[in-house]
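If you want the building blocks of each chain, they are given just below.
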Amino acid sequence: MKIAVIGCGYVGLVTGACLAEIGHHVVCTDNDEAKIHTLNAGKLPIYEAELDGIVARTRADGRLTFTANAGEAVRTGEAVFICVGTPPLETGDADLSAIDNVARLIATEARSSKLVIEKSTVPVQTGQQLKRALAVYGRHGGVEFQVVSNPEFLREGTAVLDFLYPDRIVVGVDNGEAEKKLREIYRPILDRSFKCPLPDAMRPKVPLPTLIVTTINSAELIKHASNSFLALKISYANALADLCERLNANVEEVTRAMGMDPRIGPQFLKAGLGFGGFCLPKDVQAFIRLAEKAGVDFTLLKEVERINKRRIDHYLEITRHALWVLKDKQIGMLGLAFKANTDDIRFAPAMDLIKRLLAEGAKIAAYDPEAMERTRALYPNLRYTKDEYAAAEGAEALMIVTEWTQFKQLDWERVYKAMARPLILDGRNLLDPAKMRGMGFEYHSVGRPE
Ligand code: UGA
């Protein structure tokens, strides 16, 4: 099928490249011309595992193209995926102005009927508004539009695998014809007939995905409800961590045993610095606003947010307890990205932490395998180091802020020698307390006995 993808961010690029990989002809567009220029020069504007190979190959095959001419992209695609951002407004509501702009673009540029697929995360009932907008903006064109909701469940860092090997594909439709077209688009993924671009060892051994067909409203709600539930699990684990600290229990032991109950499950029960990134925080906020406007009491989610906001306060309390005054203290920071395996720093706990440490006069030397360039744009005056050891050099505390696996495998003897004071503040419970203390470190983490 000929497909247009509007928006070349984390979601749009992965969607476009993977749709090309499974055999479609895809044209991607973005209103940021510099981004299109970068892509056409064979470079990726983001870091996402496995994406570069797929983009290079599908471009070489001619199945994936990038254009700054959005009208041309719209006219080329029989189906148009909307993958633009829906950032939070001051009020917490999702900002839908980019979706509105795209609706206008599609309605005015289309010359033949289109299947318009809403992939961006949007509040329930956006599909209805989108339908109305397409009809109004396109009223002179005589072109027919079908709107469907097809939320993404891609995790940054494993987005390519998540796209090609999903556990479910949700399609919200209001007629059988739209459902048929979506089945056709996703058929190679549903019956796994595509040729896997990844080496054998990396191919997930998972069952075939289920296609879940719902109303448009339900599909939109599924996305917000899922992300909010994940956030809730994390905040639950973090509240447990606080309790464990007071009562001298170990949150890792508690959540491990809890997670073995299949009704609970082990994932997203990791205590630490809380959830960040561009999805969970804003989706919880938007869901709270949605419930408020619908007159439903969902204060449960406000508590989830409140617990999450307190994580940095709590970590700073641990830090002050260990370091006393922060002014002029040299702190090494390992990790800036909101989680491992991404360069994304949007709403990353590290950003909040940096701001507050600087406000108290601390000096920071930071290292992250992927996210230093992006952080430099926000904090040009931090010292960014060439590796973990340089960040530890002369430091009076070493903070572990992102759970990069490589931090686990450091030569800790070398770190010990490099530091001015061997103090580790492990915000992600990445390291083994007994081992670290055995080496002579003063070691603090979250929710584990001191
Ligand atoms: C999230 C969802 O997991 C995806 O399903 C969804 O499609 C996506 O948002 C989206 O809405 O677009 P992502 O933002 O890549 O994906 O991040 P996650 O891997 O879900 O992690 C979210 C945050 O929670 C990270 O800051 C992570 O460090 C934190 N986390 C995660 C914990 O603190 N504890 C845990 O146990 C798990």
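Let me sum up the structure you'll find in this document. Remember, predicted model here, so these are calculated numbers, not experimental data.

## Remarks on the site of the ligand
And step 1. Around the ligand, a shell composed of 22 residues is seen, among which Glu152, Glu156, Lys223, Asn227 and Lys339 lie nearest.
And step 2. For the ligand, an oxygen atom lies 2.6 Å from a polar atom in the side chain of Glu152.
And step 3. For the ligand, the accessible surface in isolation is 720 Å², of which the surrounding protein chains cover 92%.
And step 4. Residue contributions to the shell around the ligand peak at four residues, all from helix 9 (residues 216-247).
And step 5. When residues are assigned to domains, the shell around the ligand turns out to be shared by domain 1 (2-214) and domain 2 (250-450), each giving three or more.

## Things to note about a nonpolar patch on the surface
And step 1. Where nonpolar side chains cluster on the molecular surface, the patch consists of Val296, Phe298 and Leu300 and spans about 250 Å² of accessible area.
And step 2. By the element assignment, Leu300 lies in helix 12 (residues 299-323).

## A short note on the nonpolar core
And step 1. Counting 56 residues, the largest nonpolar core has Met333, Leu336, Leu353, Leu357, Met399, Trp412 and Val415 as the members making the most contacts within it.
And step 2. Of all the secondary structure elements, the ones that give two or more residues to this core are helix 12, strand 9 (330-334), helix 13 (349-359), strand 10 (363-367), helix 15 (388-392), strand 12 (397-400), helix 17 (412-418) and strand 13 (423-426).
And step 3. Excluding residues that lie within four positions of it along the chain, Met333 makes contacts with Leu353, Ile354, Leu357, Ile364, Ala365, Ala366, Tyr367, Leu398, Met399 and Val401.
And step 4. Judged by nonpolar contacts, the second largest core, of 46 residues, contains Ile54, Leu182, Ile185 and Leu211.

## A short note on helix 9
And step 1. For helix 9, spanning 32 residues, the distance from its first C-alpha to its last is 47 Å, which sits close to the expected 46 Å at 1.5 Å a residue.
And step 2. A positive backbone phi angle near 60° is found at Asn248, which sits one or two residues after helix 9.

## Re the packing of aromatic side chains
And step 1. The final tally for this structure, using the stated rule, is six aromatic pairs.
And step 2. A centroid spacing of 6.2 Å and a plane angle of 40° characterise the contact between Phe163 and Tyr186, whose relative ring orientation is tilted. Highlighted residues: Phe163 in helix 7 (residues 159-164) and Tyr186 in helix 8 (residues 176-190), separated in sequence by 23 residues. Side by side, Phe163 and Tyr186 carry an identical accessibility label, which is buried.
And step 3. An angle of 55° between the planes, with centres 5.7 Å apart, marks the rings of Phe287 and Phe298 as tilted. Remark: Phe298 occurs in the loop between helix 11 (280-293) and helix 12 and Phe287 occurs in helix 11; sequence separation between them is 11 residues.
And step 4. Phe287 gets classed as buried once you look at its relative accessible area, which sits at 7%.

About the criteria used
- Residues numbered from 1 in each chain as written.
- Predicted model: local features only at pLDDT ≥ 70, side-chain atom pairs only at ≥ 80, totals over all residues.
- Heavy atoms only, no water.
- Near = heavy atom within 4 Å.
- Polar contact = N/O pair within 3.5 Å; in protein donor to acceptor, adjacent residues only side chain to side chain.
- Areas by Shrake-Rupley, 256 points an atom, 1.4 Å probe, with all protein chains shown as cover.
- Helix = DSSP H or I, 4+ residues; strand = E, 2+ residues; numbered from the N terminus.
- Domains from an automatic or database assignment.
- Patch = residues over 30% accessible without salt bridge, like charges linked within 9 Å, V, L, I, M, F, W, Y side chains within 5 Å.
- Salt bridge = Lys/Arg side-chain N within 4 Å of Asp/Glu carboxyl O.
- Core = buried A, V, L, I, M, F, W, Y, C linked by side-chain atoms within 4.5 Å.
- Buried < 20%, exposed > 50% of the residue type's maximum accessible area, 1.4 Å probe, protein only.
- Contact = heavy atoms within 4.5 Å.
- Expected span 1.5 Å × (residues − 1).
- Phe/Tyr/Trp six-rings, centres within 6.5 Å; stacked < 30°, edge-to-face > 60°.

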